[in-house]
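# A look at the structure
Below, each chain spelled out in residue letters.
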Amino acid sequence: MDKVKLACTNSHEYAAQEASSQKDALLDLHNQIVHLFCTRLSENSIMVIQEELQLMQRSSYYLEIQRNDLLSTADQQQQTLNSSESTVLSLIDQRRLGCAMTLANTQVKLLLTLLGMLYKEIISGCRELEVFMIKCDQGSVDSDIAASMQEKLQQVHQYLNDFESRMTRNLGPLDLQNQLILNTGHYPVPQLSASLVIKMPVIFDRCASRVTSNTAHLCWEVTNQQSKEPCQEFEIHIKSLHPTVDQGQFIKSTCQSYSIQFNNLTPDRYYQFSVKRVDAVNLVYGLWTDTIILKTDHFLHSCHPACSSATLTLPATPVQPRST
């Protein structure tokens, strides 16, 4: 009889210890999730992740060809080829260059797809953890649910790490299967490499851009660019959105400044303006174009731009787009 009582006592003690252990583990998991919500999954952190993803999606990506066989001086090593080096450029096999462009395009698409998937998994995991916290407060969590959420917590941490590592990782160089210049054995072949470079998106300065009754003064900038980069060429489209005007009519202009003024607009009319970099021959991916819609004033008065800009007077008949 005493042995039975002792066994029952030991069983109760074991059950109590087990319950206490589960309670401590649940409390520890609860605190880990609270800490994550206060740091890497805070409202501000989620907003930063979303902005970083959007920035990558809106950026332009270029294939940059570099020489690796120059003297190792500060200004010559890894020198980027430009149009003046026509001799070297003419030696590049166009088929292999096309393959490199295709590889670069595929790499960018894979990167953006992966970042988008990681972002969705982070948000999905965040919601699951929020539901778990509500159940904790209601006291409706068992050991199986706690174990599942512990695994989910580790997954969310891994998703965050993967997202951050790919945001900071250098995009180039590309792993090319073949050299861009065919080796015929008749002369030394310049050693070339190809890298992916990223340029931040061009966006309108919505505070500085303005219209009057017959003019539009537009300003734009490059995201996160502290100073204006010289020798940049931009393409601007203007399109009338007046209901009685053919929606396909538009004006296209290019300029090398960061602002432009359009004259001869019609008062009291909506116009759609778009801006982007002029497509370069080495552009491998760049889909996004910034667009704003402005309405000209009803009364006639002049516009005085605050900074130097290109000026374009619109023709009486807008340019019709060519059919593709």
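To start, this report covers the structure provided alongside it.

### Describing the overall build of the protein
When helices and strands are counted, the protein shows 5 helices and 12 strands. Buried positions account for 34% of the 324 residues belonging to the protein. Contacts in the protein between residues at least 24 apart in sequence constitute 76% of all its contacts with a sequence separation of at least 6. About 19,900 Å² of surface is accessible on the protein, with carbon and sulfur atoms providing 53% of the total.

### Overview of the packing of helix α2 (residues 43–58) against helix α5 (residues 143–168)
Between α2 and α5, the least distance of the axes is 12 Å, while the angle of their chain directions is 40°. In terms of orientation, α2 and α5 fall into the oblique class. By crossing handedness, the relation of α2 to α5 is classed as left-handed. Facing α2, whose interface residues are I49, E52, L53 and M56, α5 presents L160, F163 and M167. Partitioned by chemical class, the residues of the contact of α2 with α5 number 6 nonpolar, no polar and 1 charged.

### Things to note about the packing of aromatic side chains
All chains considered together, the criterion is met by 6 aromatic pairs. Consider the rings of F204 and W220, whose centres lie 6.5 Å apart with planes at 85°: the pair is edge-to-face. Here F204, found in strand β3 (residues 202–204), pairs with W220, found in strand β5 (residues 216–222); they are 16 residues apart in sequence, far enough to count as distant. What makes W220 buried here is its relative accessible area of 2%. Above the plane of the ring of Y62 lies K199, whose end atom (NZ or CZ) is 5.0 Å from the centre.

### Here's the deal with the packing of α2 against helix α4 (residues 94–138)
Running from amino to carboxyl end, α2 crosses α4 at an angle of 160°, the nearest separation of the two axes being 10 Å. What the angle tells us is that α2 and α4 run roughly antiparallel. As for the relative orientation of α2 and α4, their crossing is left-handed in sense. Residue-level inspection shows I46, I49, Q50, L53, M56 and Q57 of α2 in contact with α4, the latter providing L111, L112, L115, G116, Y119, I122 and I123. Looking at side-chain class alone, the contact of α2 with α4 contains 10 nonpolar, 3 polar and no charged residues.

### Remarks on the sheet that holds strand β7 (residues 250–255)
What the 4 strands build is an open sheet, ordered β7-β6-β9-β11; its pairing is antiparallel. Taken across any chain shown, the strands that pair with only one partner, and hence form the sheet edges, are β7 and β11 (290–295). Taken pair by pair, the neighbouring strands of this sheet meet at an average axis angle of 20°, ignoring direction. As defined by bridge partners, strand β6 (residues 234–240) adjoins strand β9 (residues 270–277) across 7 bridges and the pair is classed as antiparallel.

### A short note on the environment of Q272
On the secondary structure map, Q272 appears in strand β9. Put simply, Q272 and I238 are 34 residues apart on the chain and 5.7 Å apart in space, counted from C-alpha to C-alpha. Beyond its immediate stretch of four places on either side in the chain, Q272 contacts H237, I238, K239, L241, T291, I292 and I293.

### Comments concerning the nonpolar core
Core analysis: the biggest nonpolar cluster contains 45 residues, and L41, Y61, L63, L129, F163, L196 and V284 have the highest contact counts within it. Breaking this core down by element, the ones donating at least two residues are α1 (2–38), α2, β1 (60–67), α4, α5, β2 (192–199) and β10 (283–285). Counting residues in each nonpolar core, the second largest holds 20 residues, with A216, W220, I251 and C255 among its members.

### Side note on α2
Given 3.6 residues per turn, any residue in an α-helix points the same way as the ones three and four places further on. Over its 16 residues, α2 extends 23 Å from the first C-alpha to the last, a length consistent with the 22 Å expected when each residue adds 1.5 Å. Within α2, the full set of buried residues consists of S45, I46, I49, L53 and M56. Seen end-on, α2 carries its buried residues on one side only, within an arc spanning 105°. Across from the buried face of α2, at angles greater than 90 degrees, the exposed residues are E43 and N44. For α2, the secondary structure elements touched by its buried residues are β1, α4, α5 and β2.

### So, the sheet that holds β10
Taken in spatial order, the 3 strands of this open sheet run β2-β1-β10, and their pairing is antiparallel. Bordering the open sheet on either side are β2 and β10, each of which pairs with just one other strand. Sheet twist, expressed as the mean angle between neighbouring strand axes with direction ignored, is 35°. Bridge count between β1 and β2: 8 bridges; the pairing is antiparallel. Paired with E64 across the strands is S195, a residue of β2. Running at roughly 35° to β10, α4 makes contact with β1, β2 and β10 of the sheet.

### Re unusual backbone geometry
Peptide bonds are mostly trans, and most non-glycine residues show a negative phi. Its identity as a non-glycine residue notwithstanding, N264 has a phi of 65°, on the positive side. Looking at where N264 falls in the secondary structure, it is placed in the loop between β8 (259–263) and β9. One non-glycine residue, D268, adopts positive backbone phi at about 55°. Mapped onto the fold, D268 is located in the loop between β8 and β9.

Cut-offs and rules
- Residues numbered from 1 in each chain as written.
- Predicted model: local features only at pLDDT ≥ 70, side-chain atom pairs only at ≥ 80, totals over all residues.
- Heavy atoms only, no water.
- Helix = DSSP H or I, 4+ residues; strand = E, 2+ residues; numbered from the N terminus.
- Buried < 20%, exposed > 50% of the residue type's maximum accessible area, 1.4 Å probe, protein only.
- Contact = heavy atoms within 4.5 Å.
- Areas by Shrake-Rupley, 256 points an atom, 1.4 Å probe, with all protein chains shown as cover.
- Axes fitted to C-alpha atoms, helices over the stretch in contact; angles between N-to-C directions.
- Parallel < 35°, antiparallel > 145°, perpendicular 65-115°, else oblique.
- Left-handed = near helix turned anticlockwise from the far one by under 90°.
- Nonpolar A, V, L, I, M, F, W, Y, C, P; charged D, E, K, R; others polar.
- Phe/Tyr/Trp six-rings, centres within 6.5 Å; stacked < 30°, edge-to-face > 60°.
- Lys NZ or Arg CZ within 6 Å of the ring centre and 35° of its normal.
- Pairing = 2+ DSSP bridges.
- Core = buried A, V, L, I, M, F, W, Y, C linked by side-chain atoms within 4.5 Å.
- Expected span 1.5 Å × (residues − 1).
- Arc of directions from axis to C-beta.

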